[in-house]
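Examination of the molecular architecture
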Amino acid sequence: MLIIAKQVWYTDDATAAGSNLILHSWWDALTTMGPGYGYFPNASKTWILVKHSHLSHAQSVFADTHVNLTCDGRPHLGAPLGTQDYVDRYMKDKVNTWCTELELLSTIAKTQPHAAYAAFTHGLTSKWTFLTRTVPNIGPLLLPLEKVIRSSFIPSFTNGLPPNDQLRDLLSLPARLGGIGLSNPVTMADFEFAASQRVTDPLKNLVLQQKNTYSYEAVADQISAISEIHQMRRNQASQAAEDLQPTLPPDLQRAMTLAKEKGASSWLTTLPIKEFDFCLHKGAFSDALALRYGWPLSRTPSHCACGKFFSVEHALSCPRGGFPIIRHNELRDLTASLLTEVCHDVRTEPDLQPLSGERMTTQSANTTDGARLDITVNGFWGGRFEKTYIDVRVFNPLAPSHRNLSITQCFRKHEQEKRRAYDERIRLIEHASFTPLVFSATGGIAKQGETFYKRLASLLAVKWDQEYGKTLSWLRCKLCFCLLRSAIQCIRGARSSRGRPNSSRPDSSFPIDLVIEESRVEH
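So, a few notes on the structure that sits alongside this text.

Details of the side chain of Thr435
Here Thr435 is to be found in strand S10 (residues 433-440). Residues in contact with Thr435, not counting those within four places in the same chain, are Trp381, Thr388, Tyr389, Ile390, Asp391, Gln448 and Phe452.

What follows is the structure, encoded as structure tokens:
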């Protein structure tokens, strides 16, 4: 049986190729030998695909087998196999089904946009990606699908407006390059098929040679091909982003640069699991996209409670309501709580020792008595008793003072300001090290902060017996959601007394024990 027909197996699905007589011999051998191994071929589920000129001969050869014959085509492991007309009909049926599913998902996106987005990027796209890798030249057949993505799905995130060509290209980019990963099935089809061919070539050769072992050479060749394809895909996406960015309006160029910051897109690439606090409600998801791309926000006042004109730039910096301080404290407390897992003597807002006549060489050094930083910890950078002082700063990259600076210059500016203020004093007086943690309000982290959190992730990975890469990704995701929710609070939080209760404790003029006893409240 192994010699007379070329065959390939995928678990219990068998495929063989050859002339009608050879295939009949193969079928006879399979039905004879199969039951001895617990395999029972089912003729009613077996199909033979033959050329039309050989159909009558095949009918006579297989007359005693009850197997099915066709000259048109059949699905094979999820992909169409047969004439071009059959492939086209199969693809059109699939595309119509996907369009219907996508229309339904667009309806869901109006109430659950985060869940719908995750269902698209992590699930639905896999359906047509598989066929682009197994069927050649199907890009034009996917045009109806792309039309639904443009006209229905994307507008469910963009206040009902379909994207123009520039915005569609931007949204199709990976999240790490400033997009949101809504890939265009038409443009990706040819690349995916070529990539699939390259990766499966070693297996194809083994099948054609009828080898019954998966050789080390084939494994190595496939691993090399997969790595090569991954790099090609990254290079292609990077080049597309590089070509697109200069053509965008200046504000969108700036937004794209901010979105490309390391870790700033974790909220998009993470599944919205509520138990892990990674889920955004519909308003928060809409606001997050608007913040990412500078889109107009809905339901915002014309003026802030402080009296100034309301805008995103103003809201992220306005001290009224204390939201910038809350944003800062959230990051401080998250970092401190994680440090307690791997270090000792972790404290928040530690006082610095007062100066006793010491002079600082840096003019902008903070020399005031009662100066304090955000966190102090022992044993982070060095030995058990080596102390590190940490100070957190979150700046608004959309503020007018930052518009003419690149994001790299903004980070450097704020890191240098922190160092000039505290580094010398901490080294000379406290005999400790100083680490500034500078964040942008849009999710980016400065260079020294990135180094700090990589070190923290390595310590946590050892403590929790986890992989370093996964721990670092989890940590970036926690920081990203912390910054994102804080930014949304700066925009949506109540800065005026309107809608705010007069007191946090009703009947506060009476002692609680008196109220309980007099009112006979059950407790």
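Here's the deal with a nonpolar patch on the surface
Taken together, Leu271, Ile273 and Phe276 make up a surface patch of nonpolar side chains, about 260 Å² in accessible area. Here Ile273 shows up in the loop between helix H10 (266-269) and helix H11 (282-293).

A closer look at the nonpolar core
Counting residues in hydrophobic clusters, the biggest one holds 106 residues, and the most contacted among them are Leu102, Phe120, Leu170, Trp267, Leu339, Phe439 and Leu456. A total of 13 residues in this core trace back to one element, the largest contributor, which is helix H16 (residues 468-492). Once residues within four sequence positions are removed from consideration, Leu456 is found in contact with Leu338, Leu339, Val342, Phe380 and Leu475. Counting residues in each nonpolar core, the second largest holds 12 residues, with Leu23, Leu30, Ala43 and Val50 among its members.

A word on the packing of aromatic side chains
For the coordinates displayed, the defined rule picks out 21 aromatic pairs. On the basis of an interplanar angle of 65 degrees and a centroid distance of 5.2 Å, the ring pair of Trp9 and Tyr39 is categorised as edge-to-face. Residue Trp9 is located in strand S1 (residues 6-10), and its partner Tyr39 is located in the loop between helix H1 (20-33) and strand S3 (47-49); the two are separated by 30 residues in the primary sequence. A ring pair is formed by Tyr293 and Trp295, whose centres lie 5.2 Å apart and whose planes are at 35 degrees; its orientation type is tilted. Trp295 shares its class with Tyr293; the two are buried.

Digging into H11
Helical geometry: 3.6 residues make up each α-helical turn, so side chains three or four residues apart lie on a common side. Here H11 spans 17 Å end to end across 12 residues, near enough to the 16 Å set by a 1.5 Å rise per residue. Burial within H11 is extensive, with nine of its 12 residues counted as buried. Burial in H11 covers these residues: Ala284, Phe285, Asp287, Ala288, Leu289, Ala290, Leu291, Arg292 and Tyr293. Positive phi appears at Gly294, one or two residues downstream of H11, with a value of about 70 degrees.

Quick word on helix H6 (residues 165-172)
When H6 is considered as a whole, its buried residues turn out to be Leu167, Arg168, Leu170 and Leu171. Buried residues of H6, seen end-on, are gathered within an arc of 160 degrees and therefore sit on one face of the element. Elements that come into contact with the buried residues of H6 comprise helix H5 (143-153), helix H8 (216-244), helix H9 (250-259) and H11. Capping of H6 at its N-terminal end is provided by Asn164; its side-chain oxygen lies 3.3 Å from the backbone amide nitrogen of Gln166.

Points about the packing of helix H3 (residues 84-109) against helix H4 (residues 113-134)
Close contact between H3 and H4 brings their axes to 10 Å; oriented N to C, the two are set at 175 degrees. Judged by the inter-axis angle, H3 sits roughly antiparallel to H4. Contacts between H3 and H4 pair Tyr90, Met91, Lys94, Trp98, Glu101, Leu102, Leu105, Ile108 and Ala109 from the former with Pro113, Ala116, Ala119, Phe120, Leu124, Lys127, Trp128 and Leu131 from the latter. Class assignment of the residues belonging to the contact of H3 with H4 gives a composition of 14 nonpolar, no polar and three charged.

Topic: the sheet that holds S10
Here we have four strands laid out as an open sheet, ordered S7-S8-S9-S10, and mixed in their pairing. Only two strands of the sheet have a single partner each, and these edge strands are strand S7 (344-348) and S10. Averaged over all neighbouring strand pairs, the angle between strand axes comes to 20 degrees, with direction disregarded.

A few points about the pattern of salt bridges
Working definition: two side chains of opposite charge can pair if their charged atoms are close together. Inspection of every chain in the model, using the stated rule, returns 25 salt bridges. Between Asp391 and Lys418 there is a salt bridge; the shortest N-O distance is 2.3 Å. A residue pair is termed long-range when its members are at least 10 positions apart, and Asp391 in strand S9 (residues 387-395) and Lys418 in helix H14 (residues 407-430) qualify at 27 residues. Take Lys418: its relative accessible area is 10%, and that puts it in the buried class. Notably, a salt bridge pairs Arg393 with Glu417, separated by 2.6 Å at the nearest N-O pair. A residue pair is termed long-range when its members are at least 10 positions apart, and Arg393 in strand S9 and Glu417 in helix H14 qualify at 24 residues. The structure contains a network of salt bridges with shared partners spanning Arg332, Asp333, Glu349, Asp351 and Arg372.

Rules used throughout
Residues numbered from 1 in each chain as written. Predicted model: local features only at pLDDT ≥ 70, side-chain atom pairs only at ≥ 80, totals over all residues. Heavy atoms only, no water. Helix = DSSP H or I, 4+ residues; strand = E, 2+ residues; numbered from the N terminus. Contact = heavy atoms within 4.5 Å. Patch = residues over 30% accessible without salt bridge, like charges linked within 9 Å, V, L, I, M, F, W, Y side chains within 5 Å. Areas by Shrake-Rupley, 256 points an atom, 1.4 Å probe, with all protein chains shown as cover. Salt bridge = Lys/Arg side-chain N within 4 Å of Asp/Glu carboxyl O. Core = buried A, V, L, I, M, F, W, Y, C linked by side-chain atoms within 4.5 Å. Buried < 20%, exposed > 50% of the residue type's maximum accessible area, 1.4 Å probe, protein only. Phe/Tyr/Trp six-rings, centres within 6.5 Å; stacked < 30°, edge-to-face > 60°. Expected span 1.5 Å × (residues − 1). Arc of directions from axis to C-beta. Polar contact = N/O pair within 3.5 Å; in protein donor to acceptor, adjacent residues only side chain to side chain. Axes fitted to C-alpha atoms, helices over the stretch in contact; angles between N-to-C directions. Parallel < 35°, antiparallel > 145°, perpendicular 65-115°, else oblique. Nonpolar A, V, L, I, M, F, W, Y, C, P; charged D, E, K, R; others polar. Pairing = 2+ DSSP bridges.

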